[in-house]
Amino acid sequence: MTIRTRALLLFTTISFGIMATHARAPEDSVVHNKNLITKILDYFSNANKPKSDKAFDISFIGGPHYSADAGFGLGLMGMGIYNGNDSLIPPSSVSIYTDVTTNLWLKVGVEGTHIFRGDASRLNYDVNFQSIHTQFWGIGYDDASNNANESDYKYLKSEILADWTVRVGKNVYMGPLAQFDYIHGRDFDKPWLWRDEPTRTFNLGVGFCMRLDTRDFLTNAFRGIYLDVTQRFNPRFLGNKQAFSMTEVTAASYNPAWKGATIATRIHGRAMYGNVPWGLLSTIGGANTMRGYFEGRYRDKCELDATVELRQHVWRRNGFVVWLGAGTVFPAFDKLRWRCVLPNYGIGYRWEFKQRVNVRLDLGFGKHSPGFVFSINEAF
């Protein structure tokens, strides 16, 4: 889970990042009684340096921010890397985040990937809690495209996602997964947009996933391919009041282009079947998919999106990206229409917070107003 950006946090991060890039400690000398600014600059300057003496290397970044939907707030994110002293496998990683705003937004979560000895198996997890005052436009492309449908509501959401995969072949992993979520919507401005859906839902799902993964680094790949096929079931006998299922497929490739450049491509699809609760419908927008669109504005049973992104290292710890993409939502594959395809493009700044771990600041554009994204790690 990641945190939506705000302009002040963008300024704070870039300012400290650029100053830290230039920061130099005097050679053969010890600096005593450092002031707060000097300590902060030293912290950011050393954040991306390998720390072989640490079994668990974690660093934090944060600051104030503002956006029209969230108001003023304070966000904090941390990124930890560890490998259990096995340099022959990719490092495990964990991200933690929290965000509090004046418009009654609260987000707290932790997500990561733990790689077991010899990369024999992997554990992926995402645990988060959200209390949000946000907007809703309805269900389906036509409702979401109508600006007059914009309405306020509040919701609470608790979510736990986890899967454990075992290596069954070269770069191939398979295993079970489980998902739990509780969603409670309230204070609806236009309750008819929910089409008599229950405002409070409890869902428990189980399933399996298969992955082919040749990426050289999980959170910032320069080369390799990634294929994920996930199938989840939420039957009534697990306590679900609404029975439904989900199939999700993600295919991505990473190819070096020229010095310091990587071309990353991703195709993603998500299809849901049965009586799907409104809070779990497929959506576009947010920090990772169709950046720039309001997260959750477009929602329906099915979703498709594709993105091509150029990632270019520029100088020292600085880089930029540009991307072009498209996506849509629809109730079923026989109702997929070209007129409902939404454009997406944007540009972003990258600062190497830790080695091969970037802080990203993206400005995305689409059918509606542009949007910022601030996060750790690449979008895919």
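The structure under discussion appears in the preceding block.
In this report, the structure presented in the accompanying data block is examined.

### Some details on the nonpolar core
Across soluble globular proteins, you tend to see nonpolar side chains buried next to one another.
No. 1: If you look at the biggest cluster of nonpolar residues, it comprises 16 residues, and the most contacted ones within it are F136, Y153, W194, V276 and W278.
No. 2: Secondary structure elements with two or more residues in this core: β6 (121-136), β7 (151-169) and β11 (244-256).
No. 3: Beyond its immediate sequence surroundings of up to four residues, V276 is in contact with E197, Q242, F244, L281 and K301.
No. 4: Residues M79, W351, V357 and I376 belong to the second largest nonpolar core, which totals 14 residues.

### Thoughts on the side chain of R360
No. 1: Relative to the helices and strands, R360 is located in strand β18 (residues 357-365).
No. 2: There is a polar contact of 3.0 Å between the side chain of R360 and the backbone oxygen of A287.
No. 3: Among the polar contacts made by the side chain of R360, one reaches the side chain of D362 at a distance of 3.1 Å.
No. 4: Excluding residues that lie within four positions of it along the chain, R360 makes contacts with A287, N288, R291, Y349, R350, V373, F374, S375, N377, E378 and A379.

### Some thoughts on empty space enclosed by the protein
No. 1: The tally for this structure, following the rule as stated, stands at three cavities of 30 Å³ or more.
No. 2: Computed from the structure, the second largest cavity encloses a volume of approximately 50 Å³.
No. 3: As for the second largest cavity, its lining consists of M79, I81, P91, S92, S93, F217, L218 and T219.
No. 4: Counting only elements with at least two residues in the lining of the second largest cavity, the list comes to β3 (71-82) and β4 (92-101).
No. 5: Across the lining of the second largest cavity, the residue classes tally to five nonpolar, three polar and no charged.

### Concerning the packing of aromatic side chains
No. 1: Counted by the stated rule, this structure contains 18 aromatic pairs.
No. 2: The positively charged end of R215 is found above the aromatic ring belonging to Y226, 4.2 Å away from the centroid.
No. 3: The residue whose ring lies beneath R311 is F380, and the NZ or CZ to ring-centre distance is 4.9 Å.

### What to know about the pattern of salt bridges
No. 1: Inspection of every chain in the model, using the stated rule, returns 20 salt bridges.
No. 2: Note that R339 and D142 form a salt bridge whose closest N and O atoms lie 3.4 Å from each other. Taken together, the residues span a long stretch of sequence, with R339 in the loop between β16 (318-330) and β17 (342-354) and D142 in helix α3 (residues 141-145) at a distance of 197 residues.
No. 3: A salt bridge links R350 to D362, with the shortest nitrogen-to-oxygen separation between them at 2.7 Å. Of this pair, R350 sits in strand β17 while D362 sits in strand β18, and the two are 12 residues apart along the sequence. Across the pair, exposure class does not vary: R350 and D362 are buried alike.
No. 4: In this structure, a network of salt bridges that share partners links the residues R291, E309, R311, R350, R360, D362 and E378.

Definitions and cut-offs
- Along each chain, the written sequence defines residue order, and numbers are assigned to residues from 1.
- Under the rules for a predicted model, residues below a pLDDT of 70 receive no local features and side-chain atom pairs below 80 are neither given nor counted, while totals for whole chains, interfaces and linings still include all residues.
- Note that the side-chain values use all heavy atoms of the structure and ignore hydrogens as well as water.
- Among buried residues, the Ala, Val, Leu, Ile, Met, Phe, Trp, Tyr and Cys ones that are joined through side-chain atoms within 4.5 Å form a nonpolar core.
- For every residue, the accessible area (1.4 Å probe, protein chains only) is compared with the maximum for its type, and the residue is labelled buried under 20%, exposed over 50%, or partly exposed between those bounds.
- The helix and strand labels rest on DSSP assignments: H or I over at least four residues marks a helix, E over at least two residues marks a strand, and numbering proceeds from the N terminus.
- The contact criterion used is simple: two residues touch if any of their non-hydrogen atoms lie within 4.5 Å.
- In protein, a polar contact means a hydrogen-donor-capable atom and an acceptor-capable atom, both N or O and within 3.5 Å, with residues adjacent in sequence counting only if both atoms are side-chain atoms; elsewhere, any N or O pair within 3.5 Å suffices.
- Every definition here rests on a 1 Å grid over the protein atoms only: cavities are sets of points where a 1.4 Å probe fits but cannot get out, pockets are open sets enclosed by protein on both sides within 12 Å along at least five of seven lines, and lining residues have some atom within 4 Å of a point.
- Grid points are joined across faces, edges and corners, and a volume is the space filled by probe spheres set on the points.
- Residue polarity is assigned by list, with Asp, Glu, Lys and Arg as charged and Ala, Val, Leu, Ile, Met, Phe, Trp, Tyr, Cys and Pro as nonpolar; anything else, Gly included, falls into the polar class.
- Under the pairing criterion, centres of Phe, Tyr and Trp rings, with the six-membered ring standing for Trp, must be within 6.5 Å; the plane angle then separates stacked pairs below 30 degrees from edge-to-face pairs above 60, leaving the rest tilted.
- Only when the NZ of Lys or the CZ of Arg is both within 6 Å of the ring centre and within 35 degrees of the ring normal is a charge said to sit over the ring.
- A side-chain nitrogen of Lys or Arg and a carboxyl oxygen of Asp or Glu constitute a salt bridge if their distance falls within 4 Å.

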